[in-house]
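One-letter residues, chain by chain:
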Amino acid sequence: MNKKIVNNELPENYEELKKAANRTSNWKARYDAVEELGKYNTSQVIDIMRSRLANDPVYKIQEAAYHILLEFGEEAALPARKKFEVIKGANKVFVRVKKSLPADHTFEEFATKLKRMRIDVYDAYEGEKGSDFKTWLENEWTNLK
């Protein structure tokens, strides 16, 4: 990570960045907000970074918050990457979505309905799996009973 110029006051768009950092439906917006807030070493930003480090389902965002906290001279521990369920109970959500569709539905119909019904689950796994997301989701869909 490059050394950044850090400001000790809040940005003008702090409230907007704070909302974006906590938005569950868009991991990219959360990541961008964390990166932008990382330029401002204030107690409010440190609180947001600690929250993202402890609670974000996307490991990339946890890592970004961790590195920012270290740059600010704060003590922080990077949590272990989750090996199985990124979102607790996600498999039940997948089953519920699959059962709500006709028996002969396609993977695309499943993915669309999952995104519409549970954008938080869809988004968290998309952020966590990266470019392998569609392949992983299709495999999960295939294995659902």
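Everything numeric in this text was worked out from a predicted model, so none of it was measured. (Residues numbered from 1 in each chain as written. Predicted model: local features only at pLDDT ≥ 70, side-chain atom pairs only at ≥ 80, totals over all residues. Heavy atoms only, no water.)

Colleague: Which residues make up the overall build of the protein chain, and what values do they have?
Modeller: Scanning the protein chain for helices and strands turns up 8 helices and 0 strands. For the protein chain, the N- to C-terminal ordering of α and β elements is α-α-α-α-α-α-α-α. Referenced to the eigenvectors of the C-alpha coordinate spread, the extents of the protein chain come out at roughly 55 × 30 × 25 Å. For the protein chain, the residues scored as buried account for 40% of the 145 residues in total. A separation of at least 24 residues holds for 60% of the contacts in the protein chain among residues at least 6 apart in sequence. Summing over all exposed atoms, the protein chain offers an accessible surface of approximately 8800 Å²; the carbon and sulfur share of this is 48%. Side-chain charges of the protein chain comprise 26 positive and 24 negative groups, with the mean position of each set lying 7 Å from the other. (Helix = DSSP H or I, 4+ residues; strand = E, 2+ residues; numbered from the N terminus. Buried < 20%, exposed > 50% of the residue type's maximum accessible area, 1.4 Å probe, protein only. Contact = heavy atoms within 4.5 Å. Areas by Shrake-Rupley, 256 points an atom, 1.4 Å probe, with all protein chains shown as cover. Lys, Arg positive; Asp, Glu negative; His and termini not counted. Charge placed at Lys NZ, Arg CZ, Asp CG, Glu CD.)

Colleague: Let's hear about the side chain of glutamine 62: which residues, and what values?
Modeller: As for its position among the elements, glutamine 62 is in helix H4 (residues 59–71). Setting aside anything within four residues of it in sequence, one finds glutamine 62 in contact with Arg52, Leu53, Ala54, Asp56, Leu78 and Pro79.

Colleague: I'd like a rundown of the packing of aromatic side chains, residues and numbers included.
Modeller: This structure, assessed with the given rule, holds 7 aromatic pairs. Among the aromatic residues, those joined into a cluster by ring pairs are Phe94, Phe110, Tyr122, Tyr125, Phe133 and Trp136. Here the guanidinium or amino end of lysine 60 rests over the ring plane of tyrosine 31, the centre of that ring lying 4.7 Å away. (Phe/Tyr/Trp six-rings, centres within 6.5 Å; stacked < 30°, edge-to-face > 60°. Lys NZ or Arg CZ within 6 Å of the ring centre and 35° of its normal.)

Colleague: So what's going on with helix H2 (residues 27–37)? Which residues, and what values?
Modeller: For H2, the full list of buried residues reads Trp27, Ala29, Arg30, Ala33, Val34 and Leu37. Taken down its axis, H2 places every buried residue within 160° of arc, on the same side. Those residues of H2 hidden inside the fold are in contact with helix H1 (14–21), helix H3 (43–55), H4 and helix H7 (119–129). Its side-chain oxygen at 3.1 Å from the backbone nitrogen of lysine 28, asparagine 26 defines the N-terminal cap of H2. (Arc of directions from axis to C-beta. Polar contact = N/O pair within 3.5 Å; in protein donor to acceptor, adjacent residues only side chain to side chain.)

Colleague: Which residues make up the packing of H1 against H2, and what values do they have?
Modeller: Two numbers describe how H1 lies on H2: the axes approach to 7 Å, and their chain directions differ by 135°. Between H1 and H2, the angle falls in the class oblique. With respect to the hand of their crossing, H1 and H2 are arranged in left-handed fashion. Taken together, the residues of H2 that come into contact with H1 (itself represented by Tyr14, Leu17, Lys18, Ala20 and Ala21) are Ala29, Arg30, Ala33, Glu36 and Leu37. Class assignment for the residues of the contact of H1 with H2 results in 7 nonpolar, no polar and 3 charged. (Axes fitted to C-alpha atoms, helices over the stretch in contact; angles between N-to-C directions. Parallel < 35°, antiparallel > 145°, perpendicular 65-115°, else oblique. Left-handed = near helix turned anticlockwise from the far one by under 90°. Nonpolar A, V, L, I, M, F, W, Y, C, P; charged D, E, K, R; others polar.)

Colleague: Give a detailed account of the nonpolar core, specifying residues and quantitative values.
Modeller: If you look at the biggest cluster of nonpolar residues, it comprises 22 residues, and the most contacted ones within it are Val34, Leu37, Val45 and Met49. Taken together, the elements giving at least two residues each to this core come down to H1, H2, H3 and H4. It is H4 that contributes the most residues to this core, 6 residues altogether. The contact partners of leucine 37, leaving out residues within four places of it in the chain, are Pro11, Tyr14, Leu17, Lys18, Ala21, Val45, Ile48, Met49 and Phe72. Grouped together as the second largest cluster of nonpolar side chains are 20 residues, Val86, Val97, Phe133 and Trp141 included. (Core = buried A, V, L, I, M, F, W, Y, C linked by side-chain atoms within 4.5 Å.)

By themselves, these are just geometric observations and shouldn't be taken as functional.
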